[in-house]
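Structure assessment
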Amino acid sequence: PPAPLGFTDVSLNSRNTYEVSRRRSAPEHLPHGGTAPAEPAPPSQEPAERARHRVGIAGAGSSFAEFFTRNFFTKRTKELKPAVQSAPGWKLFGKVPPRENLPKDSKIIQQEYEARTGRMYKPPPPSARRKNIEFEPLSTTALILEDRPANLPAKSVEEALRHRQEYDEMVAEAKKREIKEAHKRKKIMRERFKQEENIASAMVIWVNEILPNWEGMRATRRVRELWWQGLPPSVRGKVWSLAVGNELNITPELYEIFLSRAKERWKSFSETSSENDMEDAGTSVADREASLELIKLDISRTFPSLYIFQKGGPYHDLLHSVLGAYTCYRPDVGYVQGMSFIAAVLILNLEEADAFIAFANLLNKPCQLAFFRVDHSMMLKYFAAFEVFFEENLPKLFLHFKSYSLTPDIYLIDWIFTLYSKSLPLDLACRVWDVFCRDGEEFLFRTGLGILRLYEDILLQMDFIHIAQFLTKLPEDITSEKLFSCIAAIQMQNSNKKWAQVFASLMKDNKEGDKNHSPAPKS
């Protein structure tokens, strides 16, 4: 009887194993008239019948025996021939690895190139190569001197000389630039050391001589000259407090009272508040809410480059408290944009209560009160007085502004509202504040004329739009020496009249004009 059909054996040892197993399992299915070529079995392999008797399996169980013996315990049917390593490519089910493309040596590439082109490559003499270069301007600059790769044509003598010349020019320019920058850095460092020495010596004078005798020495010529040079940062806050004064007689306890009121109102606005309570405070709920929202918005935009007044910064809550307390202290003024910069500068130089006292007294000055209460008639008088000295000191630029109908309010409002703390660098703005505390409101307008004098040549070449943009955002590289030399050149006299006299005459003319235009009394 024919043997049962067993499982086929597929082995990866030989490509003919599959055919041999199939013929052994089903010989009756071979085509008639053809026999498979006999494949000699290796001596190490035993016949299948003897293996079945050894295991003890016969009959119907032979197919499972063949499966286990042929698949798990099979032996090699024939030895593989050694693979030919020179055969190209991959071989399916084979052991031949792919042919590896080994990198060619540069000499071999050079020889192939010479054989193909018939040229002989001559490397440049060692003297032409760069050596012991003391100054290397850039890591990529010297690549122009390197030789080309060996598989490319060599540089000609003319090209090599041109590259050498270009490289020398680049090195020379880089050396000049580096020397110039080094001299500039040294000059800045010398000026900084000199400034620090002057500040240290001035601090000793202020602490030991001037501050203990403030009332008797503040108006002396020596103190005014020291004041003009700038106050030492360690005594700046104290001098500002003494110079501004405390005409409002505000005490730290009064500040705590208004601060607690501000906190209560912040809490009431977050919850439900009655409109009558707000009306008793002298303002409406809508105005108060607008002030509080404006404070939050302006604090985030106060000196953003410092990252100390924004939310989460060390001075955020402090600035919020000072501004909130002031809105409760002066509900008739409330909060106006620009106040945050003034309060921030004071907070950087004074303690919290002292900063509030100086802030409230500073905004109570006639000029600041006119601007922050938006008193248009007073603001126009200040602008008119400014134009008198503008025409006196800078007539050419004054006519240029007049030709474009560029009025002072376009650029002066931002300067006066923030006392130049937004338009100038912070250290320079603090020095402007120093002299402002000494000379009063006159110096604010004198500083504006100094800025116009400093950039007069540039402004004469601009039109209306560019002038307004330029004066709104002044250049950041402005230095205190240049600005204060221009401020010193401004003469605050017109027909032997000083600022206060010119402003008083404008006030008098305005009052007389109001009388002339007043309606006649009824009979």
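Since this is a predicted model, take the numbers as computed values, not measurements.

1. So, the overall build of the protein chain
Assigned secondary structure in the protein chain consists of 24 helices and two strands. Looking at the 523 residues of the protein chain, the share that counts as buried comes to 35%. A separation threshold of at least 6 residues defines the contact pool for the protein chain, and within that pool the share at least 24 residues apart is 68%. Accessible surface, the protein chain: about 33,300 Å² in total, of which carbon and sulfur atoms supply 55%.

2. As for the packing of aromatic side chains
Taken as a whole and assessed by the stated rule, the structure comprises 32 aromatic pairs. Note on Tyr-326 and Tyr-329: the rings are 6.5 Å apart at their centroids and 50° apart in plane angle, and the pair reads as tilted. Linking Tyr-326 with Tyr-329, this pair stays in helix α12 (residues 316-329), spanning three residues, or about one helical turn. Tyr-326 gets classed as buried once you look at its relative accessible area, which sits at 2%. Aromatic side chains Trp-415 and Tyr-420 sit 5.6 Å apart centroid to centroid with 35° between the ring planes, which places their arrangement in the tilted category. One exposure class covers both Trp-415 and Tyr-420, and it is buried. The residue whose ring lies beneath Arg-431 is Phe-484, and the NZ or CZ to ring-centre distance is 4.0 Å.

3. Comments concerning the environment of Phe-258
Assignment of secondary structure puts Phe-258 in helix α9 (residues 252-270). Note on Phe-258: relative accessible area 10%, which makes it buried. Once you skip the residues sitting within four places of it in the chain, Phe-258 turns out to touch Ala-325, Cys-328 and Tyr-329.

4. Focus on the packing of helix α8 (residues 233-244) against helix α13 (residues 339-349)
For the pair α8 and α13, interaxial distance at closest approach is 8 Å and the crossing angle is 125°. As the angle between them shows, α8 and α13 are arranged oblique. Counting all contacts with α8, which are made through Arg-236, Gly-237 and Trp-240, the residues of α13 involved are Val-345, Leu-346 and Asn-349. Its residues assigned to classes, the contact of α8 with α13 comprises three nonpolar, two polar and one charged.

5. Regarding the pattern of salt bridges
Per the counting criterion, the structure on display carries 11 salt bridges. Linking Arg-162 and Glu-166 is a salt bridge whose minimum nitrogen-to-oxygen distance equals 3.9 Å. Note that Arg-162 and Glu-166 are positioned in helix α5 (residues 157-210) at a spacing of four residues, about one turn of the helix. With its nearest N and O atoms 3.4 Å apart, the salt bridge here joins Arg-221 to Glu-225. On the criterion of helical spacing, the pair formed by Arg-221 and Glu-225 is a turn pair, its members being four residues apart in helix α7 (residues 221-228). The exposure class of Arg-221 is exposed, given its relative accessible area of 67%. Assessed through its relative accessible area of 43%, Glu-225 is described here as partly exposed.

6. Some thoughts on helix α17 (residues 395-403)
Of all the positions in α17, only Leu-397, Phe-398, His-400 and Phe-401 are classed as buried. In an axial view of α17, the angular spread of the buried residues amounts to 160°, which keeps them on one side of the axis. Along α17, exposed side chains directed more than 90 degrees from the buried face belong to Lys-396, Leu-399 and Ser-403.

7. What to know about the packing of α7 against helix α19 (residues 426-439)
Where α7 contacts α19, the two axes come as close as 9 Å, and the packing angle between them is 150°. As summarised for this structure, α7 and α19 are arranged roughly antiparallel, according to the angle between their axes. In this structure, α7 contributes Arg-224, Trp-227 and Trp-228 to the contact, and α19 contributes Arg-431, Asp-434, Val-435, Cys-437, Arg-438 and Asp-439. Residue classes in the contact of α7 with α19 are distributed as four nonpolar, no polar and five charged.

8. Overview of the side chain of Thr-447
One can find Thr-447 in helix α20 (residues 441-454). Among the polar contacts listed, one links the side chain of Thr-447 to the backbone oxygen of Phe-443, at a separation of 2.8 Å.

9. Quick notes on a nonpolar patch on the surface
Together, Met-203, Val-204 and Val-207 make up an exposed nonpolar region whose accessible area comes to about 220 Å². Within the secondary structure, Val-204 sits in helix α5.

10. Overview of helix α18 (residues 409-418)
Looking at α18, one finds that the buried residues are Tyr-411, Leu-412, Trp-415, Ile-416, Phe-417 and Thr-418. Taken from the residues just after α18, Leu-419 is the one with a positive phi, measuring 55°.

11. Some points on unusual backbone geometry
The backbone phi angle of Asn-249 is positive, close to 55°, even though this residue is not glycine. Positionally, Asn-249 belongs in the loop between α8 and α9. Non-glycine residue Tyr-420 carries a positive phi angle of around 65°. Mapped onto the fold, Tyr-420 is located in the loop between α18 and α19. Owing to a relative accessible area of 0%, Tyr-420 belongs among the buried residues under this scheme.

12. Overview of the nonpolar core
Core analysis: the biggest nonpolar cluster contains 109 residues, and Trp-206 and Leu-452 have the highest contact counts within it. Those residues within four positions of Leu-452 in sequence are excluded, and the remaining contacts are Phe-386, Phe-390, Leu-394, Leu-397, Phe-401, Tyr-411, Leu-459 and Leu-471.

13. Here we look at a positive patch on the surface
On the surface, Lys-186, Lys-187, Arg-190 and Lys-482 cluster together to form a positively charged patch. For the positive patch, the leading source of residues is α5, giving three residues. As for its position among the elements, Arg-190 is in helix α5.

14. Considerations on the side chain of His-400
Secondary-structure assignment places His-400 in helix α17. Among all residues touching His-400, those that are not within four sequence positions of it are Leu-459, Leu-460, Met-462 and Ile-467.

15. Here's the deal with the environment of Gln-310
Position of Gln-310 among the secondary structure elements: in the loop between α11 (285-300) and α12. With relative accessibility at 16%, the residue Gln-310 sits in the buried group. The spatial distance from the C-alpha of Gln-310 to the C-alpha of Asp-298 is 9.5 Å, given a sequence separation of 12 residues. At a separation of 3.1 Å, a polar atom in the side chain of Gln-310 contacts the main-chain carbonyl oxygen of Thr-302.

The rules behind these values
Residues numbered from 1 in each chain as written. Predicted model: local features only at pLDDT ≥ 70, side-chain atom pairs only at ≥ 80, totals over all residues. Heavy atoms only, no water. Helix = DSSP H or I, 4+ residues; strand = E, 2+ residues; numbered from the N terminus. Buried < 20%, exposed > 50% of the residue type's maximum accessible area, 1.4 Å probe, protein only. Contact = heavy atoms within 4.5 Å. Areas by Shrake-Rupley, 256 points an atom, 1.4 Å probe, with all protein chains shown as cover. Phe/Tyr/Trp six-rings, centres within 6.5 Å; stacked < 30°, edge-to-face > 60°. Lys NZ or Arg CZ within 6 Å of the ring centre and 35° of its normal. Axes fitted to C-alpha atoms, helices over the stretch in contact; angles between N-to-C directions. Parallel < 35°, antiparallel > 145°, perpendicular 65-115°, else oblique. Nonpolar A, V, L, I, M, F, W, Y, C, P; charged D, E, K, R; others polar. Salt bridge = Lys/Arg side-chain N within 4 Å of Asp/Glu carboxyl O. Arc of directions from axis to C-beta. Polar contact = N/O pair within 3.5 Å; in protein donor to acceptor, adjacent residues only side chain to side chain. Patch = residues over 30% accessible without salt bridge, like charges linked within 9 Å, V, L, I, M, F, W, Y side chains within 5 Å. Core = buried A, V, L, I, M, F, W, Y, C linked by side-chain atoms within 4.5 Å. Lys, Arg positive; Asp, Glu negative; His and termini not counted. Charge placed at Lys NZ, Arg CZ, Asp CG, Glu CD.

Function cannot be inferred from these measures alone, as they are strictly geometric.
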